[in-house]
Amino acid sequence: VAQITKGSLDTQIRHSGNDELGHLAKNIDKMRKSIKRMLKDTVKNEQNNLQLINGISHDLKTPLTSLIGYLNILKNPDDISTSEEERKVYITRCYTQSLRLKTLISDLFTYTKYTDNSFKLSKTIFSFQDLLEQVLEEHSTNIIKHGIKLEVQTYSSDIEFYGDPEHLVRVLHNLFDNLTLHTDGNKEAKLVLYNNPGNIVLELSN
């Protein structure tokens, strides 16, 4: 116990017998293992949070740098010669980058909410196929704009689905956003929806 108190969590407490000291030794060793596991989880969480912060910092820095650059041009018309048409372009780009920053900050708040232990899903019964078609319709223009040929195959009967439609919509939006953001080379993609016993399976491949 003295070794464990000093932080030596690898020091195993050997226990034998069924008397009070045997039970005490066994419980202390269980406590040692539990503390060791908790510390390991804490270190892992800290590493994940550091990785997240680095990723968010990079994602926020890119549009912010563009925003500062364009605003600097617009702020100093005497030093940097620009036409009226160029100014309109820069203003449009500033607006676009501002929307991107807004989305990134919203994603950060969403992540914080999801990692909160008090977070609760609002589950209800709904049609997953209708939800999918709705989200797909919203992304169809952007998918076509990126030159992606998306083949949709549905083998699922329109059965009722139990879940949180608001957050499933977010998952589907992310799925189709990634399709347009990260598809290069072969522009053909396939979306397949089918039933498994007790499950609905959605596959997107390219």
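Residues numbered from 1 in each chain as written. Predicted model: local features only at pLDDT ≥ 70, side-chain atom pairs only at ≥ 80, totals over all residues. Heavy atoms only, no water.

Student: Is there a simple way to think about helix H3 (residues 84–114) in this case?
Tutor: Each α-helix winds once per 3.6 residues, and so residues spaced three or four apart point in a common direction. The end-to-end C-alpha distance of H3, which contains 31 residues, comes to 45 Å, matching closely the 45 Å that a straight helix rising 1.5 Å per residue would cover. Among all positions in H3, only Tyr90, Cys94, Gln97, Leu101 and Thr110 are buried. Considering only its buried residues, H3 is in contact with helix H2 (20–75) and helix H5 (165–182). (Helix = DSSP H or I, 4+ residues; strand = E, 2+ residues; numbered from the N terminus. Expected span 1.5 Å × (residues − 1). Buried < 20%, exposed > 50% of the residue type's maximum accessible area, 1.4 Å probe, protein only. Contact = heavy atoms within 4.5 Å.)

Student: Please clarify how H5 should be interpreted in this entry.
Tutor: For H5, built from 18 residues, the straight-helix expectation of 26 Å at 1.5 Å per residue is met to within 8% by its first-to-last C-alpha distance of 25 Å. Contacts made by the buried residues of H5 are with H3, helix H4 (128–145), strand S2 (149–155), strand S4 (188–196) and strand S5 (199–205). Where H5 begins, the capping side chain belongs to Asp164, and its oxygen is found 3.1 Å from the backbone nitrogen of Glu166. (Polar contact = N/O pair within 3.5 Å; in protein donor to acceptor, adjacent residues only side chain to side chain.)

Student: Sorry if this is basic, but what is going on with the packing of aromatic side chains here?
Tutor: Two descriptors summarise a pair of aromatic rings, namely the distance from one centre to the other and the angle between the planes of the rings. Taken as a whole, this structure holds three aromatic pairs when the rule is applied. Judged by centre distance (5.5 Å) and plane angle (65 degrees), the ring pair of Phe126 and Phe161 falls under edge-to-face. One end of the pair, Phe126, is in strand S1 (residues 124–127); the other, Phe161, is in strand S3 (residues 160–163), with 35 residues separating them in the sequence. Three or more aromatic residues joined by ring pairs make a cluster, and in this case those are Phe126, Phe128 and Phe161. (Phe/Tyr/Trp six-rings, centres within 6.5 Å; stacked < 30°, edge-to-face > 60°.)

Student: Help me understand the nonpolar core in this model?
Tutor: Proteins that are soluble and globular tend to have nonpolar side chains buried together. In terms of nonpolar packing, the biggest core is built from 16 residues, with Phe128, Leu132, Ile143, Leu172, Phe176 and Leu179 touching the most fellow members. Element by element, the count of residues in this core is highest for H4, at six residues. Aside from chain neighbours lying at most four places away, what touches Phe176 is Leu132, Val135, Leu136, His139, Ile143 and Leu191. Of all hydrophobic cores here, the second largest spans seven residues; its members include Tyr70, Ile73, Cys94 and Leu101. (Core = buried A, V, L, I, M, F, W, Y, C linked by side-chain atoms within 4.5 Å.)

Student: Teacher, can you tell me more about the pairing of S5 here?
Tutor: The side chains of a regular strand alternate, residue by residue, between the two faces of the sheet. One ladder, built from seven bridges, connects S4 with S5; its direction is antiparallel. Within S5, the residue paired with Lys190 across the bridge is Ser205. Between S4 and S5, which follow one another and run antiparallel, lie two residues, and Gly198 among them has a positive phi close to 80 degrees. (Pairing = 2+ DSSP bridges.)

Student: Just checking my understanding: could you explain the sheet that holds S4 for this structure?
Tutor: Paired through their backbone hydrogen bonds, the strands of a sheet run either parallel or antiparallel. Strand order in the open sheet formed by three strands is S2-S4-S5, with mixed pairing between adjacent strands. What marks the edges here is a single partner per strand, and that holds for S2 and S5. Sheet twist, expressed as the average angle between the axes of neighbouring strands with direction ignored, equals 10 degrees. Across seven bridges, the pairing between S2 and S4 is parallel. Residue Val152 lies in a different strand from S4, and its bridge partner there is Leu191. (Axes fitted to C-alpha atoms, helices over the stretch in contact; angles between N-to-C directions.)

Student: Hey, could you run me through the pattern of salt bridges in this one?
Tutor: Opposite charge on two side chains permits pairing when their charged atoms draw close. The final tally for this structure, using the stated rule, is three salt bridges. Across the salt bridge formed by Arg32 and Asp29, the nearest N and O atoms sit 2.8 Å from each other. Highlighted residues: Arg32 and Asp29, both in helix H2, separated by three residues, approximately one helical turn. The burial state of Arg32 is the same as that of Asp29; both residues are buried. The shortest N-O distance in the salt bridge between Lys33 and Asp29 comes to 3.9 Å. Within this pair, Lys33 and its partner Asp29 are both found in helix H2, separated by four residues, close to a single helical turn. Among the residues examined, Lys33 registers a relative accessible area of 44% and is labelled partly exposed. Residues joined in a network through salt bridges with shared partners are Asp29, Arg32 and Lys33. (Salt bridge = Lys/Arg side-chain N within 4 Å of Asp/Glu carboxyl O.)

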